Amino acid sequence: MSPRPDLGPKPQLGYTQSRIERVAERRSDEAALRAFADDPRARAYVIGGERIVMKQGSPVSDPQFTLAQAFALEGATETVFLGLVDGAARFGFGVTPATAEALKTRDGFHVSDLRSIAVQGLVTPDHLPPIAQAKAVLHWHARHRFCPNCGAATQPVDGGWRRDCPQCKAQHFPRTDPVVIMLAVDGDRCLLGRSPRFMPTMWSCLAGFVEPGESIEEAVRRETWEEAGVATGRVSYYRSQPWPFPMSLMFGCFAEAITDDIVVDRTELEDARWFSRDEVIAMLQRRHPQGLTAPPPVAIAYHIIRAWLEDEISFD
Ligand SMILES: [Zn+2]
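Residues numbered from 1 in each chain as written. Predicted model: local features only at pLDDT ≥ 70, side-chain atom pairs only at ≥ 80, totals over all residues. Heavy atoms only, no water.

J.: Requested: an account of the side chain of serine 204, with residues and values cited.
T.: Its location among the elements puts serine 204 in the loop between strand S11 (189–194) and strand S12 (206–209). A residue is classified by how much of its surface remains accessible, and serine 204, at 5% relative accessible area, is buried. Residue contacts for serine 204: discarding those within four places in its chain leaves Leu192, Gly193, Phe198, Pro295 and Ala301. (Helix = DSSP H or I, 4+ residues; strand = E, 2+ residues; numbered from the N terminus. Buried < 20%, exposed > 50% of the residue type's maximum accessible area, 1.4 Å probe, protein only. Contact = heavy atoms within 4.5 Å.)

J.: Outline the coordination of the zinc ion, supporting the account with residue identities and numerical values.
T.: Each protein donor to the zinc ion is listed here as Cys147 (SG), Cys150 (SG), Cys165 (SG) and Cys168 (SG); together their distances run 2.2 to 2.4 Å. Each of the four donor atoms around the zinc ion contributes to a set of angles spanning 98 to 115°, which defines the coordination as tetrahedral. Mapped onto the sequence, the residues coordinating the zinc ion show the spacing C-x2-C-x14-C-x2-C. Taking relative accessible area as the criterion, cysteine 147 reaches 4% and is therefore assigned buried. Residue classification places cysteine 150 among the partly exposed positions, given a relative accessible area of 38%. (Donors = N, O, S within 2.8 Å, 3.2 Å for Na, K, Ca; no water. Tetrahedral: all angles 85-135°; square planar, octahedral: opposite > 155°, others 65-115°.)

J.: Describe the environment of threonine 16, listing the residues and the values that go with them.
T.: Looking at the element boundaries, threonine 16 is found in the segment before helix H1 (30–38). The exposure class assigned to threonine 16 is buried, which follows from its relative accessible area of 13%. In this structure, the C-alpha to C-alpha distance between threonine 16 and valine 298, residues 282 residues apart in sequence, is 9.6 Å. Not counting the four nearest positions on each side in its chain, threonine 16 is found in contact with Pro129, Ser240, Gln241 and Pro242. A polar contact is formed between the side chain of threonine 16 and the backbone oxygen of leucine 13, at a distance of 2.7 Å. (Polar contact = N/O pair within 3.5 Å; in protein donor to acceptor, adjacent residues only side chain to side chain.)

J.: Report on the sheet that holds strand S7 (residues 155–157), specifying residues and quantitative values.
T.: Strand order in this open sheet of three strands is S7-S8-S9, and the pairing throughout is antiparallel. With one partner strand each, in any of the chains shown, S7 and strand S9 (171–172) form the two edges of the open sheet. Relative to S9, strand S8 (residues 162–164) is paired through two bridges, and the arrangement is antiparallel. Each bridged residue has a counterpart across the sheet, and for aspartate 164 the counterpart in S9 is glutamine 171. (Pairing = 2+ DSSP bridges.)

J.: An account of the environment of phenylalanine 275 is needed here, citing residue identities and associated values.
T.: Checked against the element boundaries, phenylalanine 275 lands in strand S15 (residues 271–276). Placed 89 residues apart in sequence, phenylalanine 275 and aspartate 186 show a C-alpha to C-alpha distance of 9.9 Å. Discounting residues that sit within four places of it in the chain, phenylalanine 275 has contacts with Asp188, Arg189, Cys190, Leu192, Trp203, Val280, Met283, Leu292 and Trp308.

J.: Account for the pattern of salt bridges, naming residues and giving values.
T.: Under the criterion given, the structure shown has 23 salt bridges. Glutamate 101 is paired through a salt bridge with lysine 104; the nearest N and O atoms lie 3.5 Å apart. Exposure remark for glutamate 101: the relative accessible area of 33% places this residue in the partly exposed category. Of the residues examined, lysine 104 reaches a relative accessible area of 43% and is grouped as partly exposed. Taking the shortest distance from any N to any O, the salt bridge between glutamate 310 and arginine 306 comes out at 3.2 Å. Residues glutamate 310 and arginine 306 agree in their burial class; the two are buried. One salt-bridge network, held together by shared partners, links Glu211, Glu214, Arg222, Glu223 and Glu226. (Salt bridge = Lys/Arg side-chain N within 4 Å of Asp/Glu carboxyl O.)

J.: Any chance you could break down unusual backbone geometry for me, citing the residues and the numbers?
T.: A cis amide bond links serine 58 with the next residue in sequence, proline 59, at an omega value of 5°. Position of proline 59 among the secondary structure elements: in the loop between strand S2 (51–55) and strand S3 (64–65). With omega at 0°, the peptide bond leading from phenylalanine 245 into proline 246 counts as cis. Its location among the elements puts proline 246 in the loop between strand S13 (232–243) and strand S14 (248–257). Even without a glycine there, the phi angle at glutamine 17 is positive, about 60°. With respect to the helices and strands, glutamine 17 occurs in the segment before H1. Phi at aspartate 158 takes a positive value of approximately 55°, unusual for a residue other than glycine.

Geometric values such as these leave the question of function open.
Next up, the structure:
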């Protein structure tokens, strides 16, 4: 095995290490929510679908608005109580995508998508987890305006953490979709793939949704088999990441390959192949001879690949 590479200090994983204290027990207390909203220290993240509205700044923009500033915008949809930071409330404030789009050209505003914000560092990193939280819950509201049980219009309650149906009395809760993202390894080689959606040079871990009735380990083995035709045996869990595109939770895993022939599922992937350790190190260090790259540090795939290079994995 090659010596452990020096990849520099470990960057923070995007959308994690939230400073928000969710205080879920306060969500049903309407007087408390009103007091939180009336506190002059309260702030709102303004989101219109995939677009995040910020106050233009340099070198970073400010994604927080006072509630008065947020309510002065047109096209308000739902408001979600995210929780408290040092006792001050944080809200997710939904506006229509058309409102967010229109603010792009208004002086003093900066509107961008969350991927660009995270990868380009357009806000300070402590804002990424609450924006991710707000974006995911607001997306859920936008898609659950009607009861899936009886079709009646539903109403938000509990600070935006539930929708109730007045007709059939069903209660609906925000959900998050589990996704496995895994690095299959075979000694000194690992399996990476390319989605047609990726930048032309980028290779990453394989990934896919966990299906109902399936364990994380089973999903890892099934997806690796379906996408690349590689059979895997032991699976170990590494770490997780909320992924608000639109509302997933990524389970980062390693899988031990037990076959090495690759059969690429071209409906899912553009390509998949084995990479040597040295080649992957060059990709992370951005000095690969063909210019191939690994995902950016905001993504869990970077951390999974790096943990393998730094010998942090085991299958005990
Ligand atoms: Zn209903």
